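Below, each chain spelled out in residue letters.
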Amino acid sequence: MKYILLALLLFISFAYGASGLSITIGEATYNNPKYKEAMMNYFQSKTDKGIKDASIEVVRAQDVNKISEDVTGEIYNPDQIFSCAMVDLENDNLTIIVDQDKIKKATPQMYANSLKSAGIEKGYIVVSSPLQSSGETALIGVFKCYETLVGAEIPDEVKKASLEEMYLQTRLVNETGE
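First things first, this report covers the structure right here in the doc. Please read all numbers here as calculations on a predicted model, not as lab measurements. (Residues numbered from 1 in each chain as written. Predicted model: local features only at pLDDT ≥ 70, side-chain atom pairs only at ≥ 80, totals over all residues. Heavy atoms only, no water.)

1. Looking at the sheet that holds strand 5 (residues 123-128)
Short version of the rule: By definition, two strands form a pair when at least two bridges between them are found by DSSP. Put simply, DSSP marks the helices as runs of H or I at least four residues long and the strands as runs of E at least two long, and each gets a number from the N terminus on. Interaxial angles span 0 to 180 degrees and are taken between N-to-C directions of axes, which are lines fitted to C-alpha atoms, for helices over the stretch in contact.
Pairing in this open sheet of five strands is mixed, and the strands run 2-1-3-5-4 from one edge to the other. Either end of the sheet is taken by a strand with one partner, and the two such strands are strand 2 (55-59) and strand 4 (94-98). Sheet twist, expressed as the average angle between the axes of neighbouring strands with direction ignored, equals 15 degrees. With five bridges connecting them, strand 4 and strand 5 associate as parallel partners. Pairing of Thr95 across the sheet is with Tyr124, part of strand 5.

Structure below.
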C-alpha cells in the first residue's frame, strides 16, 4: 500500500509540474571545502541553471547506514561519505550522468534500474564524487533530492529495495565480468 501511495504521489507531483534543482553532498565532501567546491563546480558544468538557487543538503553516514546496513552489510563512518548527486525535475525523461572516473561500482543503467524500481522515472540526475567511491551515498542522495523537490518522504522500504537492486546488479557484474 505504501508503494502505491508513493507512486501516486510522485505521479501527481510530476504531472502537476514539481520542478526545481536539488543537490546533495556527502558528509566528508561537505566537511572539506576543497572537495565541496570541486563538486559544486562539477555540477555547474553539467547544467545551464545556476546552482546557487538549488536546494543543498548533506547526506550523513547515519542516512546511508539506515538504508545500507540491512542490504549490503556495510556501515560507514562520516569520513567515508563522499558521493554527491544533483537532480533537476524539469526533464521529462530519466537521464542519468555518472562520473565514471569517480563512481566505480555503479553505472548509469544501474542507477536507472534502481530508481525505476522506486517509481522514479523522470529527472536529470548527475552523480559524482571528489574521490573514487562506490556510489551508494549518491543513490541515497538522489532519494533525498527527490524528497526535497516533491515534498514527500520516500519510505525506507522503497529505498532499501532500490539499493538492493543496485547491489545485486553490481555483484552480478563483478562475478560475471559483464
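2. What to know about the packing of aromatic side chains
Using the following cut-off: Only the six-membered ring of Trp is used, alongside the rings of Phe and Tyr, when aromatic pairs are assigned; centres must lie within 6.5 Å, and planes under 30 degrees apart are stacked while those over 60 apart are edge-to-face, with the rest tilted. Burial classes: relative accessible area under 20% of the type maximum marks a residue as buried, over 50% as exposed, and values in between as partly exposed (1.4 Å probe, protein chains only).
Applying the stated criterion across every chain yields a total of two aromatic pairs. The interplanar angle of 70 degrees and the centroid separation of 6.0 Å between the aromatic rings of Tyr35 and Phe82 together place this pair among those described as edge-to-face. On the criterion of sequence distance, the pair formed by Tyr35 in helix 3 (residues 33-45) and Phe82 in the loop between helix 4 (61-72) and strand 3 (84-88) is long-range, its members being 47 residues apart. What makes Phe82 buried here is its relative accessible area of 16%.

3. Quick notes on the pattern of salt bridges
Defined as follows: We count a salt bridge whenever a side-chain nitrogen from Lys or Arg sits within 4 Å of a carboxyl oxygen from Asp or Glu.
Taken as a whole, this structure holds eight salt bridges when the rule is applied. Lys159 is the partner of Asp156 in a salt bridge, and the nearest nitrogen-oxygen pair spans 3.9 Å. Here Asp156 pairs with Lys159, and both are found in helix 7 (residues 156-176), just three residues apart, close to one helical turn. Lys159 sits in the buried class, given a relative accessible area of 10%. Several salt bridges share partner residues, and in doing so they unite Lys66, Glu147, Asp156 and Lys159 into one network.

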